[in-house]
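Examination of the molecular architecture
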Amino acid sequence: MRPGKLCGLAVVVALAATACGGARDSGPGDGPGASGRGSGRGSGFPVRIADCQGRTTTFTAPPRKIVTSNAAALEMLLRLGAGDRVIGTGFPPGKGALPGELGERARKVPVLGKHIIPKEKLLASGADLYIDTFASMGAMGGAGDAPTPEEFRAAGIKHLYLASTACAPTNGKPQRDLSAVEGDIRRLGAVTGTAGRADALVAGMRAKLSTVREAVGGLAADERPTYFFFDYDAGTKQPMAVCRKQLANAVITLAGARNVFDGCDGDFKAVSWEDVVAKDPDWIQLAVRNRGDAAADDAAYDRAAAFLKSFPATKGLTAVRKGRFLRIGSERTTIAGVRNAETVEEIARTLHPTRFKAAR
């Protein structure tokens, strides 16, 4: 799923303490702040969340009925232990998209829209909080209109965004770490009264990233292989690049590689195959979207690889000739979640196996 043009609003709350007790990494999450009693731990209310433009939303108590725009926010809430408060979602995760019990719980959440939730259904849902993964869901595919701030207020629905995807495209900084994702998890933890669980999730992510950093963190730029994120489902006539402000750029960078389109601003950009050929990437991620079935996913990866091997413009690329393909799903790379850290580790171990052996 690729967002349309984003309007730049996102929740950004300043939580000074980190899960590890140290300084927080800098990154796109270091935007406008918020105030409140404490950081959301314990009772921690009221919690005031500021968007990227400085406007605040105040929570005097945890929300009781939550609707999520897609599977990213839903997964975060499930992992935080607040999944029983989710009364509906759009863009539901397909079968097998989430692991084990998490997937089973996700499938029990009512689907208010297979794609964008219709405006009328959202406003009539009875929710007291709507969490948006993107700032302009109504722009995606031209499907439906997004409610206005006045309509949300009239329906009694507070409207929050995931900063790592909604705010980042208009942020002045590129995404080169996962601080914005950590911020999203902590903000939702503060709002839902599950801050302790949020800290634990962030600590788990940081443990994985620490292992990767020990192995590849000291690589010089010329030691980092070049990397192309091939969004197969965006179409093969014109490739869609992930740019420096997209979350995937952070995943690729942390894994010890160089995104070949790190030079383009914003989050996504349509490029040409000539542009890809000029970059001649060392590695290519066959990024396909979850089909809801492992066999169907494998078939999609096979089709993506077959296209690159047969297409005249790409069959001579270094990565294609050497078979340097990574079969990693699009969602876990481009959409915020705990599994971003897992993706960093998977990419790093594939690209730098000897460094991980040496780090043992």
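Residues numbered from 1 in each chain as written. Predicted model: local features only at pLDDT ≥ 70, side-chain atom pairs only at ≥ 80, totals over all residues. Heavy atoms only, no water.

1. Quick notes on the pairing of strand β13 (residues 283–287)
- Within β13, 5 of the 5 residues are buried, leaving the element largely enclosed by the surrounding structure.
- Going residue by residue along β13, you find W283, Q285 and A287 tucked away on one face and I284 and L286 tucked away on the opposite face as well.
- Summarising the sheet, strand β9 (residues 226–231) and β13 pair through 5 bridges and their orientation is parallel. Across the sheet, residue F230 finds its bridge partner in β13, namely L286.
- Alignment of β13 against strand β14 (residues 325–326), held across 2 bridges, turns out to be parallel. Bridge pairing in β14 links Q285 to L326. (Buried < 20%, exposed > 50% of the residue type's maximum accessible area, 1.4 Å probe, protein only. Helix = DSSP H or I, 4+ residues; strand = E, 2+ residues; numbered from the N terminus. Pairing = 2+ DSSP bridges.)

2. Notes on the sheet that holds β9
- Reading across from one edge, β11-β9-β13-β14 is the order of the 4 strands in this open sheet, with parallel pairing throughout. Whereas interior strands pair on both sides, the edge strands pair on one side only; in this sheet they are β11 (258–259) and β14.

3. As for the sheet that holds strand β5 (residues 86–90)
- Reading across the sheet, the 5 strands line up as β6-β5-β4-β7-β8 and stay open at both edges, with parallel pairing between neighbours. Two strands lie at the open edges of the sheet, namely β6 (111–113) and β8 (158–161), each paired on one side alone. Strand after strand, the sheet turns through a mean of 25 degrees between neighbouring axes, direction not considered.
- Of the pairings in the sheet, the one linking strand β4 (residues 66–68) to strand β7 (residues 129–132) comprises 3 bridges and is parallel in character. Looking at the pairing, I66 lines up with L129 of β7. (Axes fitted to C-alpha atoms, helices over the stretch in contact; angles between N-to-C directions.)

4. Things to note about unusual backbone geometry
- Cis geometry marks the peptide bond from F45 to P46; its omega dihedral reads 10 degrees.
- Tracing the backbone shows P46 in the loop between β1 (11–12) and β2 (47–51).
- Here F91, not a glycine, exhibits a phi torsion of approximately 40 degrees, which is positive.
- Locating F91 in the fold gives a position in the loop between β5 and α2 (100–107).

5. Description of the packing of helix α1 (residues 71–80) against α2
- Across the interface, α1 lies against α2 with an axial gap of 10 Å and an inter-helix angle of 115 degrees. Pair α1 / α2 crosses with right-handed handedness. Where α1 abuts α2, its residues L74, E75, L78 and R79 lie against L102, R105 and A106.
- Across the contact of α1 with α2, the residue classes tally to 4 nonpolar, no polar and 3 charged. (Left-handed = near helix turned anticlockwise from the far one by under 90°. Contact = heavy atoms within 4.5 Å. Nonpolar A, V, L, I, M, F, W, Y, C, P; charged D, E, K, R; others polar.)

6. Focus on the state of the cysteines
- With the rule as written, the count across this model stands at 1 disulfide.
- Each sulfur of the disulfide joining C243 and C264 lies 1.9 Å from the other. Looking down the S-S bond of the C243 and C264 bridge, the torsion is -105 degrees, so its handedness is left-handed. Residue C243 is located in the loop between β10 (240–242) and α8 (247–254), and its partner C264 is located in the loop between β11 and β12 (268–270); the two are separated by 21 residues in the primary sequence.
- On the basis of relative accessibility, which here comes to 0%, the residue C243 falls in the buried class.
- C264 gets classed as buried once you look at its relative accessible area, which sits at 9%. (Disulfide = S-S within 2.5 Å.)

7. Here's the deal with the pattern of salt bridges
- Inspection of the entire model under this criterion finds 16 salt bridges.
- Among the salt bridges present, the one from K119 reaches E151, with a minimum N-O distance of 3.0 Å. You can see K119 sitting in helix α3 (residues 119–123) and its partner E151 sitting in helix α4 (residues 149–154), a full 32 residues away along the chain.
- Of the charged contacts, one joins E223 and R355 as a salt bridge, the two residues approaching to 3.9 Å between their closest N and O atoms. With E223 in the loop between α7 (195–216) and β9 and R355 in helix α14 (residues 353–359), this pair connects stretches of sequence that are 132 residues apart.
- Given a relative accessible area of 41%, E223 falls into the partly exposed group.
- A single network of salt bridges, built from pairs that share partners, joins E75, R79 and R339. (Salt bridge = Lys/Arg side-chain N within 4 Å of Asp/Glu carboxyl O.)

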